[in-house]
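# Architecture at a glance
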Amino acid sequence: MSDVLQIRTEGPVQTLTLNRPAKRNALNGALVARLHQALDDAAANDAVRVLVLTGAGSVFSAGADLAALKALRTAGPMQNRNDSRQLADLFAAVYTHPKPVIAKVNGHAIAGGSGLAAVCDLAVAAEGAKMGFTEVRIGFVPAIVMVFVRRKLGETVARDLLLRGRLLDTQEAAALGLITAAVAPDALDERVATLANELATETSGSAVALTKQMLAQVPGMGLHEALDYAVQMNAFARATDDCQAGIQAFLDKEPPPWKRTDEAPSDA
């Protein structure tokens, strides 16, 4: 039986490929658990600077595995709650991951599949793919993804997408801010590789991790609380090895350590 998740590491970029093409890369318990473990492993691996998430075959992900959901109809409330918690924890792990995560949307991303792309830091999708949160059209609720989509897109757009359950093409998804960009299918690999390489070599790992931490925390704060938090993070960042090295490199008119091919990037 093939692994439900393929992992390939090339230099500082690690690609995680959902590998259930016969099931349109639907998210069942095994795949969710495997992906979460891979994210944890990548967080602890200093050699990995950027993660790329994509799907095997012609589909990114069709969302929740309906066969698994059918089995859960006879499950008790605690089993259903635990299953939901597993998916929520996965989305949170992507959203708060210390390394930048790029969704390489190679095909349709529906319901939870769109949610998975939405929680990534950046998402580049192939033109011709469809995206959308179709849960209400089968009597389901986009409960977990709503938390992130509401943050990402604002209430007006979130209501349009979540209440209507309509599909949209990647150009509209990019215009709404659901994804970063839509590109021709034959340009997808190069565009994502260029973006991943930029993040891996042009940015500080520790600075990106701290910035992601702030992006996750600030929206839930009041103005003065957010400013106090920002002051603390600003002061903390100044003392990090990357900031000290970056400032010195700038003053010396030299590239910072993370751009030097003969040196490993500092801890993130």
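As a starting point, this report considers the structure included with it.

## Considering the sheet that holds strand 10 (residues 181-183)
The strand order 1-2-3-5-7-10 describes an open sheet built from six strands, whose pairing is mixed. Whereas interior strands pair on both sides, the edge strands pair on one side only; in this sheet they are strand 1 (5-10) and strand 10. The mean angle between the axes of side-by-side strands here comes to 20°, regardless of whether they run parallel or antiparallel. Sheet topology places strand 1 next to strand 2 (residues 13-18); six bridges connect them, and they run antiparallel. By the bridge assignment for strand 2, Ile7 is matched with Leu16.

## A closer look at the environment of Val149
By secondary structure assignment, the location of Val149 is in helix 5 (residues 143-153). Residue classification places Val149 among the buried residues on the basis of a relative accessible area of 0%. Ignoring anything within four residues of it in the chain, the contact list for Val149 reads Phe133, Gly154 and Ala158.

## Let's talk about the packing of helix 5 against helix 6 (residues 155-164)
Relative to each other, helix 5 and helix 6 sit at 135°, their axes nearing to 7 Å. As the angle between them shows, helix 5 and helix 6 are arranged oblique. For the crossing formed where helix 5 meets helix 6, the hand is right-handed. Between helix 5 and helix 6, the contacting residues are Met146, Val149, Arg150 and Leu153 on the first element and Glu155, Val157, Ala158, Leu161 and Leu162 on the second. Class assignment for the residues of the contact of helix 5 with helix 6 results in seven nonpolar, no polar and two charged.

## Quick word on the sheet that holds strand 4 (residues 59-61)
Paired through backbone hydrogen bonds, the strands of a sheet run either parallel or antiparallel to each other. Read from one edge of the open sheet, four strands run 4-6-8-9, paired in mixed fashion. The outermost strands of the open sheet, each flanked by one partner alone, are strand 4 and strand 9 (167-169). With direction set aside, neighbouring strand axes in the sheet form an average angle of 25°. With three bridges joining them, strand 8 (residues 130-132) and strand 9 adopt antiparallel strand pairing. Its bridge partner being in strand 9, Gly132 is matched across the sheet by Leu167.

## Overview of the side chain of Asn28
Checked against the element boundaries, Asn28 lands in the loop between strand 2 and helix 1 (29-43). Overall, Asn28 belongs to the buried group, its relative accessible area being 17%. Side-chain polar atoms of Asn28 contact the backbone nitrogen of Leu31, separated by 2.9 Å. Excluding its chain neighbours within four sequence positions, the residues that come into contact with Asn28 are Arg20 and Asp65.

## Re the side chain of Arg20
Within the fold, Arg20 resides in the loop between strand 2 and helix 1. Judged by relative accessible area, Arg20 falls into the buried class, the value being 13%. Polar contacts involving the side chain of Arg20 include one to the side chain of Asp65, which spans 2.9 Å. Setting aside residues no more than four positions away along its own chain, Arg20 makes contact with Val4, Asn25, Ala26, Asn28, Leu31 and Asp65.

Rules and cut-offs
- Residues numbered from 1 in each chain as written.
- Predicted model: local features only at pLDDT ≥ 70, side-chain atom pairs only at ≥ 80, totals over all residues.
- Heavy atoms only, no water.
- Pairing = 2+ DSSP bridges.
- Helix = DSSP H or I, 4+ residues; strand = E, 2+ residues; numbered from the N terminus.
- Axes fitted to C-alpha atoms, helices over the stretch in contact; angles between N-to-C directions.
- Buried < 20%, exposed > 50% of the residue type's maximum accessible area, 1.4 Å probe, protein only.
- Contact = heavy atoms within 4.5 Å.
- Parallel < 35°, antiparallel > 145°, perpendicular 65-115°, else oblique.
- Left-handed = near helix turned anticlockwise from the far one by under 90°.
- Nonpolar A, V, L, I, M, F, W, Y, C, P; charged D, E, K, R; others polar.
- Polar contact = N/O pair within 3.5 Å; in protein donor to acceptor, adjacent residues only side chain to side chain.

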